[in-house]
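Observations on the model geometry
So the chains spell out like this:
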Amino acid sequence: MRRPSWYHITTRSLFLAAALILALTLWYLPNFLELNEFRPQVLDFLQKTFHCHVIVGDIRGELVPYPGLIVEHVVFLEESSAARQADARRGVWRAAPRVLASVNGVHLWFSRKILEGRLQFRAVRFSRPRFIVHRETESSGEKRWTFLSVPGMTSSSAVPGGGGALVDEWQIRNGSVEYWDHAAAATHKWVADQFNGSFLTGSQSGSITGKVPRLGRQAMLDLHYTGAAVFPLEAHLGAVELSAIGKETPLQVPAFEDTADFLVKARFEPDFAVQATMEPMLLPHTDGKRLRVRATFEKDHLHAHLETLDAAPMTMEVDADIGKDAWKARAAVTGYDAALVRTFYEQSWVDRLLGPGTLEAHAQSGGSGGWNWSALGKDFRMEGTALRIPEWSARGDSKSTTVLAHGVTAQGGTADVVWALPEASTVATLQVDADSVTLRQVLEVFNLQSKPASAAAAQPEDSMNPFGYEPWLITKGSMRALLHNGTMFEIQQSRFVIAGMQTNLSGTFELTQLNPHAHIQGDVQNIAVAPVVESFFKPPSPVTGTGKISFTLAFPMSDSWIQGLSGPIQLEIDNGLIRELKTIYRIMTVLNLSNYLRLRFPQITARGIQFQTLSGHLTFQNGVLSSEDLFSKGPTLNMGARGSVNIPARRIKISLRLEMFRFLEDILKDVPITHWMFKKPSKILLPLVVVVDGPWDNVEIR
């Protein structure tokens, strides 16, 4: 094998050393050149290109990769005169104009035409630039945008009389874009960085791409500019974490966990306009449903279209005109998706509305700053109820909100609701008018009905039905109520005809989650006793007649409400029978001497103890009904009672005092000497005492 000679090794080493020295010379030599004499030309070139005031730092030369100049630091500012004029119009004094951009280093590479004696550039590169966009409010109310102008087709030569010169390409390396919103109540800043790209002057087009870590770990922003397009600026935002939007912008958005892609098109002149599209995004808590949004803002007009992408889509169209002194908006919704609505508006009642329905809403403001709105909804249903809402409406302004709803049941019943809430108060008013609806249908609206649904219709054989009132029909009724801070429902006045009974009711319902309770008072007239009792207990009713009561009651709002029922009741029943004591009554008619003295035959076929009035004071205490003065007056027999009925335990213990000598008592009442003995109306002389005791399905009488 031939060994390399010393000559070849020396020649190669010398060549490599010379090449290295030449490269280092080309790289470092310009750094030692003082080129600040080009400052006026560079300033003139940049200022006329971007139409703003420019401050430049030191200037040095560059030979690699292309011959040119390097400006160490450049700051782009508003034109001072324009800034002062704008501030004067706004009544604001500012010591310095806005910064539109700052660049750590600007590379200006010479054009070949430099050989002709003109200072012209083929390409310009911004290293680590910081571009800033400002949004401000003028004194007239108009929004003003301030930003660095895009370079035009030509830029003036720095050499006097040099004419126009074309810069082929503008480059950006590792740049950032900042958006400052000074029009907001508190100045808001939004930043995107790590941008790289270029702009071709000849075609007035270009693109830059970078990461937007503040909008997600994988979020990317791709900006395209085409000067000839209707919307020159086009931005693609990909893999945006929606949960980050609320952190980086003043928008109040729900806490989505999905990512989405955005396409935004915009122009700033002659009128600011934006078109935006959000690709289908996954909605939380909706079993995989996705939402697409498209929006356009142009010449103070906003149009937005939202739609869900599933078998039963929900769509929304929004149009808004935002003028200098006033605004107006319209929204139209078709279909209804409770899961979607709950995503934006977390109220439990929205889960119960079913579609498809339609909604149209309008809102507008006046020059004085006041505003009002109205809404009209049609063809909704409420889950878990037989109630259909063919139409509802709402209206409001800066002082109050009012909602009017009309509901219809499958049986033809109707309910009209008026809900009013003053903005400055936590107390809302409610007015309800009902016709031919059942109590259960009313309770279904508040989700207070018994479950399962058949419980109200079932008649247990050996126990009471605590929900026996639910099938009662409200033939006519009205109610006025207040809702205090969402935690207490106060019925100021209500009048209903329920199952033929005339009811007047007032009271409060405490809606706290820990201990919901009700406190009510009122009276009921024209009570058909037998049907009412048989709604709760196994028929036949032990008592018949027509009655009336007045009451003051308290009870928990739960399925076990009967176990906490407490309060006094005043009872009066007219012209009825006490059926359960008919056997004792038949025996007493045989033994009662009064019947024979009055020449009456014993009533051995009587169906019960007939009475003209049955009255007394009763008291509920945790579901136990007791009385000390219950008394009945009848044509043939008076009777007193004292004792209790334990409803939760299903036991009864009552002591009855039956009149044995009615004829003798009548005589003694007429004698002046003995009539004082009967001053008490419920007085019975020598009564027969009967005790009724035991479970009410197996009671003992002794």
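Here the structure is a predicted model, which is why all the values come from computation and not from measurement.

Right, let's get into the overall build of the protein. Of regular secondary structure, the protein possesses 10 helices and 40 strands. The buried share of the protein, taken over its 702 residues, is 38%. Within the protein, contacts between residues at least 6 apart in sequence are counted, and of these 47% link residues at least 24 apart. A total accessible area of about 38900 Å² is found for the protein, and carbon and sulfur atoms account for 58% of it.

Moving on: the environment of Val645. If you trace the backbone, Val645 turns up in strand β37 (residues 639–646). Expressed as a C-alpha distance, the spacing of Val645 and Gly623, which sit 22 residues apart in the sequence, is 8.6 Å. Not counting residues up to four positions away in its chain, the partners in contact with Val645 are Gly623, Val624, Leu625, Arg651, Ile652, Ile654 and Trp696.

Here the focus is the nonpolar core. Tyr469, Trp472, Met479 and Phe489 are the most contacted members of the largest nonpolar core, which has 55 residues in total. With residues up to four places along the chain from it excluded, the contact list for Trp472 reads Val437, Thr438, Leu439, Ile498, Ala499, Met501, Val532, Ser535 and Phe536. In terms of nonpolar packing, the next biggest core, distinct from the first, is built from 45 residues, Phe199, Leu242, Met281 and Val293 among them.

Okay, a nonpolar patch on the surface next. Taken together, the side chains of Ile322, Trp327 and Trp371 make up a nonpolar region of the molecular surface, amounting to roughly 270 Å² of accessible area. Along the chain, Ile322 turns up in strand β19 (residues 315–322). Residue Ile322 is classed as partly exposed on the basis of its relative accessible area, which comes to 40%.

What follows covers unusual backbone geometry. A cis amide bond links Pro539 with the next residue in sequence, Pro540, at an omega value of 5°. Here Gln204, not a glycine, exhibits a phi torsion of approximately 50°, which is positive. For Ala239, which is not glycine, the phi dihedral falls at a positive 55°. On the secondary structure map, Ala239 appears in strand β14 (residues 233–241). By relative accessible area, Ala239 is classed as partly exposed at 26%.

A separate point is the side chain of Thr503. Here Thr503 lies in strand β31 (residues 501–510). Not counting residues within four places of it along the chain, the set of residues in contact with Thr503 comprises Ser494, Arg495, Phe496, Ile498, Asp523 and Val524.

Where strand β30 (residues 488–498) lies against β31, 9 bridges are found, and the strand directions are antiparallel. Note on β31: the bridge partner recorded for Phe496 is Thr503. The antiparallel hairpin formed by β30 and β31 contains 2 residues in its connecting segment, where Ala499 sits at a positive phi of about 50°. As judged from the 9 bridges shared by β31 and strand β32 (residues 517–528), these two strands associate in the antiparallel manner. Opposite Thr503, over in β32, you have Val524 as the bridge partner.

Here we take up the pairing of strand β13 (residues 220–226). For strand β12 (residues 205–211) and β13, the ladder comprises 7 bridges, and the chain directions are antiparallel. Note that in β13 the partner of Gly206 across the bridge is Tyr225. Bridging between β13 and β14 involves 6 bridges; their strand directions are antiparallel. Its bridge partner lying in β14, Leu223 is registered against Ala235.

The share of residues in the protein with pLDDT of 70 or more is 74%, and the mean pLDDT across the chain is 78. The secondary structure element of the protein with the lowest average pLDDT is strand β8 (residues 155–156), at 47, and the one with the highest is strand β33 (residues 546–556), at 95.

The subject of this paragraph is the packing of aromatic side chains. Across all of its chains, the model carries 18 aromatic pairs by this definition. Centroid distance Phe50 to Phe76: 5.2 Å. Interplanar angle 70°. Geometry classified as edge-to-face. One end of the pair, Phe50, is in helix α2 (residues 39–50); the other, Phe76, is in strand β4 (residues 74–77), and 26 residues separate them in sequence. The pair formed by Phe50 and Phe76 is uniform in burial state, with each residue classed as buried. Here the aromatic residues Phe45, Phe50, Phe76, Phe110, Phe121, Phe126, Phe131 and Trp170 are joined through ring pairs into a cluster of three or more. The residue whose ring lies beneath Arg267 is Phe231, and the NZ or CZ to ring-centre distance is 5.1 Å.

Let's shift gears to the environment of Ala415. Note that Ala415 resides in strand β26 (residues 414–422). Separated by 61 residues in the primary sequence, Ala415 and Lys476 place their C-alpha atoms 9.9 Å from one another. Beyond its immediate chain neighbours, meaning those up to four positions away, Ala415 contacts Ala405, His406, Gly407, Asp433 and Ala434.

Analysis parameters
- Residues numbered from 1 in each chain as written.
- Predicted model: local features only at pLDDT ≥ 70, side-chain atom pairs only at ≥ 80, totals over all residues.
- Heavy atoms only, no water.
- Helix = DSSP H or I, 4+ residues; strand = E, 2+ residues; numbered from the N terminus.
- Buried < 20%, exposed > 50% of the residue type's maximum accessible area, 1.4 Å probe, protein only.
- Contact = heavy atoms within 4.5 Å.
- Areas by Shrake-Rupley, 256 points an atom, 1.4 Å probe, with all protein chains shown as cover.
- Core = buried A, V, L, I, M, F, W, Y, C linked by side-chain atoms within 4.5 Å.
- Patch = residues over 30% accessible without salt bridge, like charges linked within 9 Å, V, L, I, M, F, W, Y side chains within 5 Å.
- Salt bridge = Lys/Arg side-chain N within 4 Å of Asp/Glu carboxyl O.
- Pairing = 2+ DSSP bridges.
- pLDDT = per-residue confidence, 0-100.
- Phe/Tyr/Trp six-rings, centres within 6.5 Å; stacked < 30°, edge-to-face > 60°.
- Lys NZ or Arg CZ within 6 Å of the ring centre and 35° of its normal.

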